[in-house]
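Understanding the architecture of this molecule
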Amino acid sequence: MTQPVARLHPVEDRTLRAQVHQRILDMVLSGRVAPGAKLTEPSLAEQLQVSRAPLREALRELVDQGILVSQPYKGLRVRPVSRTDLKELYSMRSALEKFAFTLTWPLRDAAAFADLDGRYDQLMATRKIGDQARAIEREIAFHSWVYDTSGHGLLQRHWARLSSLVRIYMSLHHNLHGAHGVFGAMTTEYWRLAKGENLDRMLGHIDDHMAQGFDSVVKTLPDAEE
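Read on for an overview of the structure. (Residues numbered from 1 in each chain as written. Predicted model: local features only at pLDDT ≥ 70, side-chain atom pairs only at ≥ 80, totals over all residues. Heavy atoms only, no water.)

**Comments concerning unusual backbone geometry**
Put simply, the rule reads: Here a strand is any run of E in DSSP of at least two residues, a helix any run of H or I of at least four, and the numbering for each starts at the N terminus. Burial classes: relative accessible area under 20% of the type maximum marks a residue as buried, over 50% as exposed, and values in between as partly exposed (1.4 Å probe, protein chains only).
Positive phi, close to 55°, is recorded for Gln 49, a residue that is not glycine. Topologically, Gln 49 is positioned in the loop between helix 2 (41–48) and helix 3 (52–65). We note that Tyr 73 has phi near 70°; this positive angle belongs to a residue other than glycine. When you line up the elements, Tyr 73 lands in the loop between strand 2 (68–71) and strand 3 (75–78). What makes Tyr 73 exposed here is its relative accessible area of 87%.

Encoded structure:
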């Protein structure tokens, strides 16, 4: 007896969808659209010169990542920012990053340090050319080192989710202070301490870095924003 042929799903043009996703993400991270700004499919399709299918797939992915939000009767917007969001983000990120370092500290070896050095060099090189979106991606990659090295799968998945939101707040900081920001020296200190011998100093640096980051970014918000 002839077995029925399984129904196949249409082949997706993942390359096009990925390009659309990256272009919209770059637009958000570069500051060309502000948090809370409304986006429309017709306008995006016209600007990007793409059909609705790959555009919708890219938008759905950005919503899933938390970069965009979609609300009934309000449409699609860049994720808005509030002081409450910032407090929760910085407290969560600080806790996760310190936990990641306690796990990673005894696992550091020559290969791990070489990986960290490469990420640091790439970040510094990208900052020099003034490409804000690329600099943010390199900064995320730099801070992802400790999670990647930890070998803790659940922690890595939490960071992957959180890092999408971190990108938006980094863009606010870069818009206020430029690609180098006011934390260029702190990035170098973070890199140096991560290769050092004193875990307590590393953890203290994370607290200081996050506190200054919060104070800096919150200045970009309107006084009435909560």
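**What to know about the packing of helix 8 (residues 184–194) against helix 9 (residues 199–218)**
Quick reminder of the rule: The angle between two axes is taken between their N-to-C directions and runs from 0 to 180 degrees, where each axis is a line fitted to C-alpha atoms and a helix contributes only its stretch in contact. Angle categories are assigned with fixed cut-offs, so that under 35 degrees is roughly parallel, over 145 is roughly antiparallel, 65 to 115 is roughly perpendicular, and the rest are oblique. What makes a crossing left-handed is the near helix being turned counterclockwise from the far one by less than a right angle; a clockwise turn instead makes it right-handed. The contact criterion used is simple: two residues touch if any of their non-hydrogen atoms lie within 4.5 Å.
It is the contact of helix 8 with helix 9, at a shortest axis distance of 10 Å, that shows an interaxial angle of 160°. Taken together, helix 8 and helix 9 sit at an angle that is classed as roughly antiparallel. Considering only the axes of helix 8 and helix 9, their crossing is left-handed. Between helix 8 and helix 9, the residues in contact are Met 186, Glu 189, Tyr 190, Arg 192, Leu 193 and Ala 194 and Arg 201, Met 202, His 205, Ile 206, Asp 208, His 209 and Gln 212, respectively.

**Concerning the sheet that holds strand 2**
Operational definition: In this analysis, strands are considered paired if DSSP registers two or more bridges between them.
One open sheet accounts for three strands, arranged 1-3-2; its pairing is antiparallel. Every other strand in the sheet has two partners, leaving strand 1 (38–39) and strand 2 as the edge strands with one partner each. The sheet contact formed by strand 1 and strand 3 spans two bridges and is antiparallel. Paired with Lys 38 across the strands is Arg 77, a residue of strand 3. Running at roughly 100° to strand 2, helix 3 makes contact with strand 2 and strand 3 of the sheet.

That is the geometry; function is a separate question.
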